Every structure is written in C-alpha cells, then in structure tokens.
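The primary structure of each chain is shown beneath.
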Amino acid sequence: MSVSIRERVCKCSAALDPSWNHNPPGRPAFGPETLQTSNYSLVLLIQLSLLSFDLFVNSFSELLRAEPAVQLVLFIIQDIAILFNLIIILLMLFNTFVFQVGLVAILLERFRSLLMLSALYLTFSIILHSWLMNLRWLNTNRYIWTDGLQVLFVFQRAASVLYYYLYKRTSEYLGDPRLYEDSPWLREVFARVRQ
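Calculation notes
Residues numbered from 1 in each chain as written. Predicted model: local features only at pLDDT ≥ 70, side-chain atom pairs only at ≥ 80, totals over all residues. Heavy atoms only, no water. Helix = DSSP H or I, 4+ residues; strand = E, 2+ residues; numbered from the N terminus. Buried < 20%, exposed > 50% of the residue type's maximum accessible area, 1.4 Å probe, protein only. Lys, Arg positive; Asp, Glu negative; His and termini not counted. Salt bridge = Lys/Arg side-chain N within 4 Å of Asp/Glu carboxyl O. Contact = heavy atoms within 4.5 Å. Phe/Tyr/Trp six-rings, centres within 6.5 Å; stacked < 30°, edge-to-face > 60°. Lys NZ or Arg CZ within 6 Å of the ring centre and 35° of its normal. Axes fitted to C-alpha atoms, helices over the stretch in contact; angles between N-to-C directions. Left-handed = near helix turned anticlockwise from the far one by under 90°.

Visitor: I'm lost on the side chain of Asp79 in this one. Help?
Guide: Tracing the sequence through the fold places Asp79 in helix α3 (residues 68–95). For the buried Asp79, which has no salt bridge, the nearest side chain bearing the opposite charge is Arg157, at an N-O separation of 9.4 Å. Every residue in contact with Asp79, bar those within four places of it in the chain, is listed here: Leu122, Ser125, Ile126 and His129.

See the structure below:
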C-alpha cells in the first residue's frame, strides 16, 4: 500500500510531471524567475566589485592609521559589503530550480563551506575592526599591536583568502544553467530523495 502511494506522489509531483509544465522543454515550470545571462552578468559584476573593495580595504587600511574616522568608515562599508555578498549568494540559491523543487539539502551540502566561512569571516572582520578602532582611536601615532590582535589579524586575513576563493568559485558555479531548469540529473536526485 505504501509503495503505491509513494509511486503516485512521485508521478503526481508538479515539479516532475511533464504534462503540468506548459513551458517549452528545458524550461522550469515556475515561470520567468530563471537567471538570465544579462541578470547573471550584473549580479556577478556586483559580487566581484564588492569582493574587490573588500580586498582593497584589507590591503590598504593600515596606511590610514593616522585618520581613524576614514578608517572607521572603510571598516563599516567593508563589513556591510561582506553582509551584502552573503545576502546575494543566498538570494541566488533561493532562485535555483533545485531550491524551488525542494531539494534544499543538496544546495546546503554543496555550499555549506562558503556559508559557514562567510559567517566566520564576517565575525572575524567585525571583531578585528572593533578592536583596532578601540585601541587606536585616541592614539593614532602610536604603534599598538597586542599579541591577541596579531593572532586575530592573521586569522582574519587567512579567512579572507579562503573566502575570496570559495565565493568566486560559488558565484561562477551558480551561473550554471542546469541549476535553473528541469533536467534528467535533477529528476534522478529527486527520485532518490523520494525513496
């Protein structure tokens, strides 16, 4: 009895039923939410611009040690840029056909490392920026580097390198059109999950 119900559920699923999809073959059944080439180019440009700004601030912020207000503004914009990049990646994940079909676990398994590293990098950056501003706000001309600050600085910079690599790789992977349309590999995965 349960086998026949399972087969009926799989056969009647709107995402996998070709008679339900009135779009041309290869198009998702959910309408115009797919990622178009022009949209992807714009999103990729925004992502890479935010990453470039982050790299710029990481590289040259120490040169602005004498101007704490400018450094503070750069740090705030950098932290907001990291947060925006995380939001953009999440929105791109939500836009995939894989997510719309309900196979969220596949996306989380594939992109878990980036999501966790983004959160860790954002945390390291906020703590480092707060600590630097707290130590240097009134003493701009003194060289202040405590042992804990040096350790945090190294961790934040090491996390930034991994973050840049994983983020760029993920943003390019999310440009794959197979993630935005119904395809045989997705049907196979969906069938395995349903069993």
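Back to the text.
Visitor: Would you mind going over the environment of Phe94 with me for this structure?
Guide: Mapped onto the elements of the fold, Phe94 is located in helix α3. Along the backbone, Phe94 and Leu107 are 13 residues apart, and their C-alpha atoms lie at a distance of 9.4 Å.

Visitor: What is the right way to read the packing of aromatic side chains from this model?
Guide: Given two aromatic rings, one states the distance between the centres and the angle between the planes to describe the pair. What the rule picks out here adds up to eight aromatic pairs. Across from the ring centre of Tyr173, 4.1 Å away, lies the NZ or CZ of Arg110, which sits over that ring.

Visitor: Mind showing me how you'd approach the pattern of salt bridges here?
Guide: When the charged atoms of two side chains lie near each other, side chains of opposite charge can form a pair. According to the stated counting rule, one finds three salt bridges in the structure shown. Between Asp182 and Arg187 there is a salt bridge whose closest N-O contact spans 2.8 Å. Given the relative accessible area of 13%, Asp182 is considered buried.

Visitor: Looking at this model, I keep getting lost on the environment of Arg65. Mind explaining?
Guide: Inspection of the secondary structure assignment puts Arg65 in the loop between α2 (37–60) and α3. As a C-alpha pair, Arg65 and Leu132 span 67 residues in sequence and 9.6 Å in three-dimensional space. When residues no more than four places from it in sequence are discounted, the contact partners of Arg65 are Gln71, Arg136, Thr140, Tyr143 and Trp145.

Visitor: Which parts of the structure should I look at to understand the packing of helix α5 (residues 104–136) against helix α6 (residues 147–173)?
Guide: Think of two packed helices as two axes; the pair is described by the angle between the axes and how far apart they sit. The N-to-C vectors of α5 and α6 enclose an angle of 145°; their axes lie 8 Å apart at closest approach. When you trace α5 past α6, the crossing you get is left-handed.

Visitor: Teacher, can you tell me more about the environment of Trp145 here?
Guide: Relative to the assigned elements, Trp145 resides in the loop between α5 and α6. Residue Trp145 is classed as buried on the basis of its relative accessible area of 18%. Placed 13 residues apart in sequence, Trp145 and Leu132 show a C-alpha to C-alpha distance of 8.9 Å. Leaving out residues up to four positions away in the same chain, Trp145 has contacts with Glu62, Arg65, Leu132, Arg136, Gln150 and Phe153.

As far as function goes, none of this settles anything; it's purely spatial.
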